[in-house]
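Residues per chain are reported as follows:
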Amino acid sequence: MSIIQAKGVKKWFGDFQALKGISMEIAEGEVLVICGPSGSGKSTFIRCINRLEQHQEGEIVVDGTELTNDLKNIETIRAEVGMVFQSFNLFPHLTVMQNITLAPIWVRKKSRSDSEEKAMELLNRVGIPEQADKFPGQLSGGQQQRVAIARALAMDPKIMLFDEPTSALDPEMIKEVLDAMKELAKSGMTMIVVTHEMGFAKEVADRVMLFDEGMMVEENTPVEFFDNPKNDRTKLFLSQIL
Amino acid sequence: MVDVIKKKAKEVQESLFSSVGSSVLTIGTSYLVLNFFRGMFGFVMSSDKDWLAVLNNMQLYMVQAYPESDFIRVWISVGLTFVFSGVSIGLWRSDDRSNISVMFDRFYKLGLGVLFFTIVAPTFTSYMGNDGYVITEEVFSRSSRIGMLIPVLLITVGFFLLKNRKINFSFNNSDAVFLYLSIPIALIWIIELPTIQLDQNKDRIIPDPLMPIANTTKVPWTVIFVLFLLSYFIGIYFKEVKRLKNIMSISWFLLPLLIFSWIFKKPQIEMAEVLTGDIPIFLIFFAVGLGTVLLINNPIVKKYYSIYIGVVIVATIAGVFISIPMLAKACLLLLGLFVTVVPAVSTSQQGKKSLIIIWAVALVTLTFLLRGGASETGIVVPGSSIFGGFSLTWLLAIFGTYVSFPLGVLLALGRNSKLPIVRIICTGIIELVRSVPYITWLFFASVTLAVFLPAGVEFNLIVRVLMVTAFFSGAYFAENIRGGLQSIPKGQYEAADAIGMSPFQKIGLIVLPQALRAVIPTLVSSAITAFKDSSLVTIIGLFDFLTIGKTVIDNQSVPVNFVGHQRENLIFVAVVYWIFTFTLSRRSMKIEKRLGLGER
Amino acid sequence: MKNAMKYLLFFRNVVFLKWAFQVIFLFGILSIIWNYIQNAIVNLADTNIAFSWGWLGETPGVSVAEGMYTLPNSGLQMIQTGMINMFRITLTGILAATLLGTFLGIARLSSNYIVEKSSTGLLEVVRNVPLLVQIYFFQAFVLSFPRLEVFEVGEYFIHISAKGLAFPWFNRGPNAYLLMVYTLIVIYIANKIYKWRVELLEKEGRDTKPFLWSLGILGSLLVIGWYGGFRAAGVFGFLAGYISLGLESVPAIVYQGLVSGVAIYIGFKVTKAFIDSKKSEEAQGIYSDDDYFKIILNVVVVLLIVLLMFSSIGAGFAGFLVGDEITFKADWGLPQLFHGIENKLDWYPHIDLEIYEVIEGMKKAEITNWLIKPGDNITEGQVVATAYATGNKIDTQEVELKAEYTGKVESLIVEEGKAIKIGIPFYELEVTDAAPFVFSRPKVEKVNETSKFKRYAKGHGKSLSVGYFAIWLGVVLYTAIFISEVVRAGIMAVSKGQSEAGMSLGLRRGALLRLVVLPQAIRVMLPPMGNQYLNLAKNTSLGIAVAYPEIVAVGQTLYNQEGQTLPVFLIWMAFYSSVSLTISSIINYYNRKMKIVER
């Protein structure tokens, strides 16, 4: 049974059609990497899964719940799907600890002490327990992104979405974030990652997809995708990026 | 030594006489500034000015017609404010230390200033009399100039020498405040000026006898200063208690309410109302809050909790429109806030305990303040309000901000909303209110507002002014806050959405804290503007600080004669306003810097 | 089945909730407003002061201290006087505050220690004292000067007394408007010529001396104008006369229809353009909630305008344009407007001459004998009529009314034996000989031969009342200080790299400021500058505190007289809203223009 099903998802921004009918299924525990040139709709698609954007046609079912205008469904899905953004989007007025415990306390209504315990555990997992009482502004980009991952994990999500998590980072910081993500993938988390880090895709992904102009151009295992691309568009893309 | 002088001279030359144009500007400006100072000095000293008009009316300026028998209430209000300040300065006592030479430098600069005035002050001044002839008189004789010049020169030189000696002694910057303040306190005992005194027949004793300035108030001021100092030590003593700082912040918010509803007002409490109204309402709401906290972990309660919140919110809104006691309305509002916070905090036993305590304290405070606010005043002021002079100015400034700030937040959120109807209505209100000058709104309050109120409902003019100010300042606050809201990146909203926050949590926990922090400087300057604008109530006939100086004193005739001495009073009023606004704006700059440091 | 579920759960549907909330919100706001209006209706019925606009047409029993009509013939004219007084302060104030503010702003950036410190000192003083206190102080300052009575009768250069401030000035004569319009046309022509010469220069590549050409033509045309050529501008008066005639024949309903038609047309155009943009191939006709809302709002607004236009409000508005009873009396309305232009800009301007105060305390005059008849040529100082002067404090006596200008009598407005108030026109004159502007020095004169009271003579120099002086200086200084902050911030916003780049190109300091720094700084400065102008316009309302009759003060006098507080308040609101809107749209226009130029 697949955990995410998308059927013919279409989305317009004003005159511009961003998604032109995307269909896919993702199984539980699977790691899916989506790549593609900018403006190809890959970010829009994963934002639709979290309903940060509304799709206008087609349907998306996440863990048995269809994404509609139903408030209850939106709440359920947001609690089950964690998201990590390109620009971190940590809350600058809260400490690292407060950033992570905010949602468990206010959305999951857990006690503060339980949430803090859990937060410490997560910070250990991403390797920055000593930064708990600092403000986001005092951390490096890589550290901030790892806090963002911990923040998303604090909600015990079933699925994690990563929207170009490394593209706003300096090269030396990319590795620390990717390591945290690899560790997460190994623990059996369902992940959809939009990224241009092909090394990560090769090593961790179960499947790789290429988006272009709002359509899914190619879908394949990493080995096939990189060594033996079927589509010309994929070849062109790989030649530009590798 | 010669090198130093050469270097200084070169600096001066570069700064002031670098080119012909610069030299002309320097000389021109110096001429203007010097003449301004000389003119000011002549103006202040000339014999057609009567500064007693200011000095003799200090009581009128501060509290207008507040009866002398109840003055202790005024002093308690002032004293309480100083005690609070003392404790706060102690609690937040900075660890910055300065060398003693900094203090000497300050005195040295002060000495230089006095020296400058002593030298440039004009010997003669002239003014035009009512008959059109110019009268010239001596205001600063040669002997008094020399008599002043020598000691000032000696003191200045003394401080100059002291400041340049390396003395290894430093003091805490917060402590220094008290040292500086002790100087004026000492001076009000020492300096003596001619004072208006009346004999048994209520005639003025001529010539005016010499008395210390602040003759009648020097004792209370000294007592307050001592209390101020004591509370400072108390603050220092409890510096390590972290919770006290939070309590202090809330207390500062409540202090004006307490002063204006109980201390200054002297409410006449009807025990019957307390017993039949306040206490039952208090008990009911306390019971509801208690029940909520105790039963929150019950699975059935948990399941229907959101319906419960909905019921409370609907009741709050309905409460505004139906006629129930004011206290019940306010308690409903408080309950609405309380029940939304409860689930997040009451997960541990300790959290529940502190929630119950907070609920009880909040209810008691609310009941207490509202009882005082709603009761009749026991102060008898013939033909006027108990607020007048500076107390009215403060009332308008503080309560204007209190009522307009929340409204401003709501309007700003509405204008920034994604919901089109809400957005258009809020934009309309803001723009309409802002496009019309404040004085027009004040006239609206004084003559038109009554037309729109239900028959039989009448508000005091001060209350009506506050109602109008709520909207007027609120609209300005809203524009500032909107600036803050717009400075928050879209990603913040998305991140909050992504972790599943409800719209209200998003606004309360993520958006507003950041937006308000970003606009603190503009908010402070808006508050300063509101303080300055409160002077406009003069035009609609309220007796605020400015009215006293402009109109009231100018009409005093027997046994004194202050008719035609408006300029002295206006200058005094200007100086007082200046001191407050200037200090406030400087403070806000410092706070801004400190905030910037803490955040990034 | 699934669809049925969707409908059943409508109360959980985000879209439904969103709109339900908004409808409830709108309903709440409307019910609150309705509640207050109900209260007002009940309360007004109780107090017997029915809400009405009738007083706009009635002659108010009060006079205005200074301005266009000191003895207004109707409430509307009185309000007009207040508006114009407000604009006198606002327009001159904006000009002065901008100049002073720019100067102070640059002074604050000066490297000269004394200049920088003293301008900062001024800033800190003015900024931190309430404007009202400052205005009161300026008032008290002027009032502390001796009364005018202690000064000798005669001419002065600059004179200051408790009555105000007087200085030399070019006073407008009857021909002033002709000359002003003529000058504007000449400047326009000179500008065109400059552009034509520049074009020629670029085309033919020879020095066509554009600046010299335009300056020469400007100069010579101005000289021709000064010696009578300005009468050429009379062609506008000629045209305005015909326009006025044409407008008079337009019935009110045409305006109602016209405005509705324009509203429908614009609404239709806008909505159609919006729908078309959605119909394009990419958009596929998909509408979001906001889009629906926009379309509905457009329709509602258009319907509302049409409805309003054909209600009593629209009739009132149209009557306003046509010149109904109220507006006719106050010389408002489109036909009267053009008629006014015709009179002022005719080859020989027509003016209505008013009864003036010949002796002190005179309130009315009863013409006993006209000494002129229509068609007569009269010269300045000639006696035109004799009249009985009457007033509460004087005995009735016979006085002579003298001609103020040379010209041809057009018509006699008042018959013999009829008593009229001071300030009411009594004959119309076609002025044939008068200078456009007369330069003169202020003159102190006795109110009349026997009186001990004195005044600044009318038409001699310019005298500013105490109120005018106080409010003008107050708002100018206060606004200039805030403008100086804007200027300083604007200049500092231009990065240092820009100046360095300019200097490395060899630009001198002046050229650098003019060509590199200022053009960039102005873009930053414009929006806050506009805000300051708005503040200045609003702050003129403090004129009421120093008895300067601007619109708020005039409004207050009117409602004290008539008891109509609500209509006066609505007039204030409409007036200030339109002023704010005008100023902010001008600023927005320039802001946009600059941005386009930039790209």
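Throughout, a residue's number is its position along its own chain's written sequence, starting from 1. Think of it this way: whatever chain is written first is A, whatever ligand is written first is 1, and the rest follow in order. This being a predicted model, a pLDDT of at least 70 is required before a residue's local features are given, and a value of 80 or more before pairs of side-chain atoms are given or counted; all residues contribute to the totals for chains, interfaces and linings. Calculation of side-chain values draws on the structure's entire complement of heavy atoms; hydrogens and water are dropped beforehand.

So, on to the overall build of chain C. Along the backbone of chain C there are 18 helices and 16 strands. The principal-axis extents of the C-alpha atoms in chain C amount to approximately 100 × 75 × 55 Å. Taken over 599 residues, chain C has a buried fraction of 40%. Partitioning the contacts of chain C with sequence separation of at least 6, the portion at a separation of at least 24 is 68%. Per-residue and other accessible areas were derived by the Shrake-Rupley procedure at a 1.4 Å probe size, with only the shown protein chains allowed to occlude residues. Here chain C displays about 32,700 Å² of accessible surface, and carbon together with sulfur accounts for 65% of that area. In summary, the charge assignment counts Lys and Arg as positive and Asp and Glu as negative, without counting His or the chain termini. A charged residue contributes its charge at one atom only: NZ of Lys, CZ of Arg, CG of Asp or CD of Glu. Between the averaged position of the 52 positive side-chain charges in chain C and that of its 48 negative side-chain charges there is a distance of 12 Å. Under the scheme used here, helices are H or I runs from DSSP no shorter than 4 residues and strands are E runs no shorter than 2 residues, and both carry numbers assigned from the N terminus. Under the scheme applied here, a residue whose accessible area is under 20% of the maximum for its type counts as buried, over 50% as exposed, and between as partly exposed, the area being computed with a 1.4 Å probe on protein chains only. In this analysis, two residues are considered to be in contact whenever any of their non-hydrogen atoms come within 4.5 Å of each other.

So, about the interface of chain B and chain A. Residue-level contacts link 24 residues of chain B with 24 residues of chain A. Computed with a 1.4 Å rolling probe, the buried area is the accessible surface lost when two parts are put together, summed over both parts. When chain B packs against chain A, close to 2,300 Å² is buried across both sides, 63% of that on carbon and sulfur atoms. Of the charged contacts, one joins R78 of chain A and D497 of chain B as a salt bridge, the two residues approaching to 3.9 Å between their closest N and O atoms. Under this definition, polar contacts are N or O atom pairs within 3.5 Å; protein pairs additionally need one hydrogen-donor-capable and one acceptor-capable atom, and for neighbouring residues in sequence, both atoms have to be side-chain atoms. Our count for the chain B to chain A interface comes out at six residue pairs in polar contact (both at pLDDT 80 or more). Where the side of chain B that touches chain A is concerned, the elements lending two or more residues are α14 (326-345), α20 (490-498), α21 (503-518) and α24 (566-599) of chain B. It is α20 of chain B that provides the largest number of residues to the side of chain B that touches chain A, a total of eight residues. Note on definitions: salt bridges are taken to be side-chain nitrogens of Lys or Arg within 4 Å of carboxyl oxygens of Asp or Glu.

As a further point, take the sheet that holds strand β1 (residues 154-155) of chain C. All names here are of chain C. Paired strands are those between which DSSP finds at least two bridges. A sheet is described by the order of its strands in space; here three strands give the open sequence β1-β14-β15, paired in antiparallel fashion. For this open sheet the edge positions go to β1 and β15 (454-456), each flanked by a neighbour on one side alone. The pairing of β1 with strand β14 (residues 443-446) spans two bridges and is classified as antiparallel. By the bridge assignment, E155 is partnered in β14 with K443.

Here the focus is the packing of aromatic side chains. Ring geometry is summarised as follows: Phe, Tyr and Trp rings, the Trp one being its six-membered ring, pair when their centres sit within 6.5 Å, and such pairs are stacked at plane angles under 30 degrees, edge-to-face over 60 and tilted between the two. This model, assessed by the stated rule, comprises 67 aromatic pairs over all chains. Ring geometry for W394 of chain B versus F580 of chain B: centroids 5.5 Å apart, planes at 80°, classification edge-to-face. Placement of W394 of chain B in helix α16 (residues 390-415) and of F580 of chain B in helix α24 is noted, with a sequence separation of 186 residues between them. Judged by its relative accessible area of 29%, F580 of chain B falls in the partly exposed class. Members of the aromatic cluster, connected to one another through ring pairs, are Y61, F390, W394, F531, F545, F572, Y577 and F580 of chain B. We count a charge as sitting over a ring when the NZ of a lysine or the CZ of an arginine lies within 6 Å of the ring centre and within 35 degrees of the ring normal. Across from the ring centre of Y476 of chain B, 5.2 Å away, lies the NZ or CZ of R434 of chain B, which sits over that ring. Over the ring of W213 of chain C we find R197 of chain C, and its NZ or CZ is 3.8 Å from the ring centre.

Our next topic: the packing of helix α5 (residues 131-143) of chain C against helix α14 (residues 466-493) of chain C. Residues and elements named next belong to chain C. Interaxial angle, 0 to 180 degrees, is taken between N-to-C directions of lines fitted to C-alpha atoms, where a helix line uses only the stretch in contact. Where α5 meets α14, the axes come as close as 8 Å, and the angle between the chain directions of the two elements is 140°. Between α5 and α14, the angle falls in the class oblique. Classified by chirality, the crossing of α14 by α5 is right-handed. Listed contacts from α14 to L131, Q134, I135, F138, Q139, V142 and L143 of α5 are V466, F469, A470, I471, L473, G474, V475, L477 and Y478. Under the scheme applied, nonpolar residues are Ala, Val, Leu, Ile, Met, Phe, Trp, Tyr, Cys and Pro; charged residues are Asp, Glu, Lys and Arg; polar residues are all the others, including Gly. Taken together, the residues that form the contact of α5 with α14 break down as 13 nonpolar, three polar and no charged. Roughly parallel means an angle under 35 degrees; roughly antiparallel, over 145; roughly perpendicular, 65 to 115; everything else is oblique. Left-handed describes a crossing whose near helix is turned anticlockwise from the far helix through less than a right angle; right-handed describes the clockwise counterpart.

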